[in-house]
Amino acid sequence: MSIPALEEIIEPNDQTEARKASLAAIADLVGNVYPNKFARTNISGGEDTLTALKQFDKVAEIEAKMAEIKASLSEGERPPADKKDALNEELKALGTVRIAGRLTTPTRGNFVHLTDGMSKLQVYANKKGPLALVKNDGADTIDEENGWALWQLLDHGDLIGVEGYLFITNTGEVSVHVEKLQFLAKAMLPMPDKMHGIADPELRRRYRYADLIASSLQVEHDGLTTREVFERRAKLITGMRRFLDDHGYIEVETPMLTPKATGAAATPFETYHNALDIPLYARIAPELYLKRLTVGGFEKVYEINRNFRNEGLSHKHNPEFTMLEFYCAYMDVNGMMDFCEELMQDAVLKSTGQLQASITKEYAGTDESPIIVDFGMFERLTMKQAIVRYWDKLGSRNMSRGTIDESWLENVSQLRYLATYMRLKKEVILLSDAFETDGGLEKKFFMNFLPKGWNRDRIEEIDKERISLAEEFPSWADELTFSYLENHAPKYPDVEAEKGAIVLELFESFVERFLIQPTFITDYPKSISPLSKADPRNPNVAERFELFINGMEVANGFSELNDPKEQYERFVDQMAQREGGDEEAMVLDEDYIRALSYGMPPAAGIGIGIDRLVMLLTNKHSIRDVILFPHMRPEKREGEKGSEGEGEKEV
RNA sequence: GGUCCGAUAGCUCAGUCGGUAGAGCAAAUGGCUUUUAACCAUUGGGUCCCUGGUUCGAGUCCAGGUCGGAUCACCA
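Enquirer: Before we go on, may I ask you to explain unusual backbone geometry in this structure?
Expert: For residues that are not glycine, phi is negative in most cases, and the peptide bond is trans in most cases. Phi is positive for Asp-277, close to 60°, though the residue is something other than glycine. Position of Asp-277 relative to the elements: it lies in the loop between strand E10 (270-273) and strand E11 (278-282). Relative accessible area serves as the criterion here: at 52%, Asp-277 is assigned to the exposed category. In the Ramachandran plot, Tyr-330 falls in the positive-phi region, its phi being about 70° despite a non-glycine side chain. Structurally, the position occupied by Tyr-330 is in the loop between strand E13 (320-329) and helix H11 (333-352). We classify Tyr-330 as exposed; its relative accessible area is 58%.

In structure tokens, the structure reads:
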């Protein structure tokens, strides 16, 4: 691997060359251009960051007074000198301030703005002085002559420290009048566009640091600056942490590198420990470790951290994602839903200040008006109730057997029919288009699964004449269902497993996307929930829920299975499915069975996808916009080419 | 992996029917010096993503590729 030259990393252009030149000139004036520190003052009570000064009561008070004076003036009229002078006396009496920050405006003229990333504060320098520069020679030697010279060499984006006094301008903005100027660091690259920031989403994510600089210029993308997105994220997480702490939970950290990847159905990242000579896996879920801790007596325990899954990327999936997972002894799934609701409402309120989140683009992309997600009310539906409720939304009016109701979902024959219909529908055409072209769909239905003795040509003919196939052949559905099941249907160990699988498939395919408002879906098939207890009233149903918001799964919780024997058997089933080719089936964890054998209290647990929740609260449609450094393909450097030797001809 | 869309100056973007490569910002030089989104004047700045094709002539049309975005499938 060749080591790239500095010029390949920071490609020279007129901008960088100009900055190089100004840096050299600055070095002549100040010596070291990358000094080690700058001490800020504390007139505002703490360290004077720009934000602290902006928010300092006295400063706000004087700005308010000036605003009042200005309100009494006509357009373009300057405030009376005596009144302004009085305010400036008050400001000057506050004493000398020393502040530091990045130049957010080009440096032509007397005024520039400095930013600390959050706020901007105006800074003023006068050519006639007194304007000194502070040399970076370790002794802070003062050079009375060259302050203005240094001021003129500054570039947009440079970091400087200034010492001076506060004053207010005619337009009513409190500013610092610079008396001493110290150079702190150079921006060798030009700043992002001051109006648009970085527009290309790829570059925003790759060069997040520059994207964040644009935030300090108040550049917004879809309503929030990038910095605000991550401030909300931080507040949400702190809020959740505080809520859990206040309710007696203890925060722990469990292994990220594990000898077994289990606790969820997912493909792990694999790595290798040289000294131990064993493979290790990046964890796909902390679940089994946290439940070991409930065995050990941590009755309420949580972890907020990353999980890693070696699967596809999408607007909803990053290879590493943050999950809050917690467990509470002696609680069941219903208690957990109550608690989850409280926790989320509290955290959402702390993060955004309100319980409603506005989302401007609907999941299905059909409606332009924003959706308001209301965290004030969480609905609870069984999976079957949800299917019946939302089936109509699909406009599946042409079901040959009529309209579905909940009894269909108990009847294996009806379920098989629905499964056939659904699988073909998915195969044929994008979901959103499918219902525009029911005739075509039905035709494809026939073509793919033509029972014996049916004539292809006849079907083509009927289609040409645009006669509804369902009308022509009222019994088509049963014929096809039968044919499909004979030849194409997946095999299930028993009828209950088949029913469960089909109900889940119907739910995932057709219903999820319509769950916009917070909705707990309950009654998951036990067969797909190997770590969950059965419902005491129905052995085929797991005491499990998933929370859906805006069509996304945001949380997943259940009454935790704590019977070591049953857990062992469920793992064995999973291993059998693994043998059968299901790479995501769970792996048996012997030590976990041992832990359960010590006796685990009945408990409820939940995992909450933090990234997705942040997406909802910040109106972002891509998970990559709520992760500071999302996974990206490595940047490709262009192979070295001959230097640009094309002589430019004049004339 | 499928489908659709995109890539032009450091940045944000125009570029008509295929006929000399454009603007604003940023930069340089000079002026101005209590400005408020971007003061005034002048100047420099281009591998139009890559490769090939059609054509007298390609930023523009065609094919293939690279990278990215949206969306679908798997997954949380």
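Enquirer: Is there a simple way to think about the pattern of salt bridges in this case?
Expert: Between side chains of opposite charge, a pair can form as their charged atoms come close. This structure, assessed with the given rule, holds 33 salt bridges. With its nearest N and O atoms 2.9 Å apart, the salt bridge here joins Lys-58 to Glu-90. With a gap of 32 residues between them, Lys-58 in helix H4 (residues 57-71) and Glu-90 in helix H5 (residues 81-93) connect regions that are remote in the sequence. Overall, Lys-58 belongs to the partly exposed group, its relative accessible area being 24%.

Enquirer: Got a minute to help me understand the packing of helix H9 (residues 226-246) against H11 in this structure?
Expert: Two quantities define a packed helix pair, namely the angle between the helix axes and the distance between the axes. Look at H9 against H11: their axes get within 8 Å of each other, and the N-to-C directions meet at 140°. The angle between H9 and H11 places the two elements in the oblique class. Taken as a pair, H9 and H11 cross one another with a handedness that is right-handed. Packed against H9, whose contacting residues are Arg-232, Lys-235, Leu-236, Gly-239, Met-240, Phe-243 and Leu-244, the element H11 presents Phe-339, Glu-342, Leu-343, Asp-346, Ala-347, Val-348, Lys-350, Ser-351 and Thr-352 at the interface. Here the contact of H9 with H11 is built from residues that sort into eight nonpolar, three polar and five charged.

Enquirer: Just checking my understanding: could you explain helix H22 (residues 610-618) for this structure?
Expert: Every α-helical turn comprises 3.6 residues, leaving residues that sit three or four positions apart pointing alike. Of all nine residues in H22, nine are buried; the element is thus mostly enclosed. Considered for burial, the residues of H22 that qualify are Ile-610, Asp-611, Arg-612, Leu-613, Val-614, Met-615, Leu-616, Leu-617 and Thr-618. At the C-terminal side of H22, Asn-619 shows a positive phi close to 60°.

Enquirer: Which parts of the structure should I look at to understand the packing of H9 against H22?
Expert: Taken N-terminus to C-terminus, the directions of H9 and H22 make an angle of 125°; their axes are 10 Å apart at the nearest point. Our classification of the angle between H9 and H22 gives oblique. The chirality of how H9 crosses H22 is right-handed. Within the contact between the two elements, H9 uses Val-229, Arg-232, Arg-233, Leu-236, Ile-237 and Met-240 and H22 uses Ile-610, Asp-611, Leu-613, Val-614, Leu-617 and Thr-618. Along the lines of polarity and charge, the residues of the contact of H9 with H22 split into eight nonpolar, one polar and three charged.

Enquirer: Help me understand a negative patch on the surface, please; the structure alone is not making it clear to me.
Expert: Together, Glu-311, Asp-582, Glu-583 and Glu-584 make up a region of like negative charge exposed at the surface. If you trace the backbone, Glu-583 turns up in the loop between helix H20 (564-579) and helix H21 (590-597).

Enquirer: What is the right way to read the side chain of Thr-254 from this model?
Expert: With respect to the helices and strands, the residue Thr-254 is situated in the loop between strand E8 (250-251) and strand E9 (257-258). A distance of 2.6 Å separates the side chain of Thr-254 from the side chain of Glu-303, its partner in a polar contact. In contact with Thr-254, other than residues within four places in its own chain, are Arg-283, Pro-286, Tyr-289, Leu-290, Leu-293 and Glu-303.

How each quantity is defined
- Residues numbered from 1 in each chain as written.
- Chains lettered and ligands numbered in written order.
- Predicted model: local features only at pLDDT ≥ 70, side-chain atom pairs only at ≥ 80, totals over all residues.
- Heavy atoms only, no water.
- Helix = DSSP H or I, 4+ residues; strand = E, 2+ residues; numbered from the N terminus.
- Buried < 20%, exposed > 50% of the residue type's maximum accessible area, 1.4 Å probe, protein only.
- Salt bridge = Lys/Arg side-chain N within 4 Å of Asp/Glu carboxyl O.
- Axes fitted to C-alpha atoms, helices over the stretch in contact; angles between N-to-C directions.
- Parallel < 35°, antiparallel > 145°, perpendicular 65-115°, else oblique.
- Left-handed = near helix turned anticlockwise from the far one by under 90°.
- Contact = heavy atoms within 4.5 Å.
- Nonpolar A, V, L, I, M, F, W, Y, C, P; charged D, E, K, R; others polar.
- Patch = residues over 30% accessible without salt bridge, like charges linked within 9 Å, V, L, I, M, F, W, Y side chains within 5 Å.
- Areas by Shrake-Rupley, 256 points an atom, 1.4 Å probe, with all protein chains shown as cover.
- Lys, Arg positive; Asp, Glu negative; His and termini not counted.
- Charge placed at Lys NZ, Arg CZ, Asp CG, Glu CD.
- Polar contact = N/O pair within 3.5 Å; in protein donor to acceptor, adjacent residues only side chain to side chain.

Function cannot be inferred from these measures alone, as they are strictly geometric.
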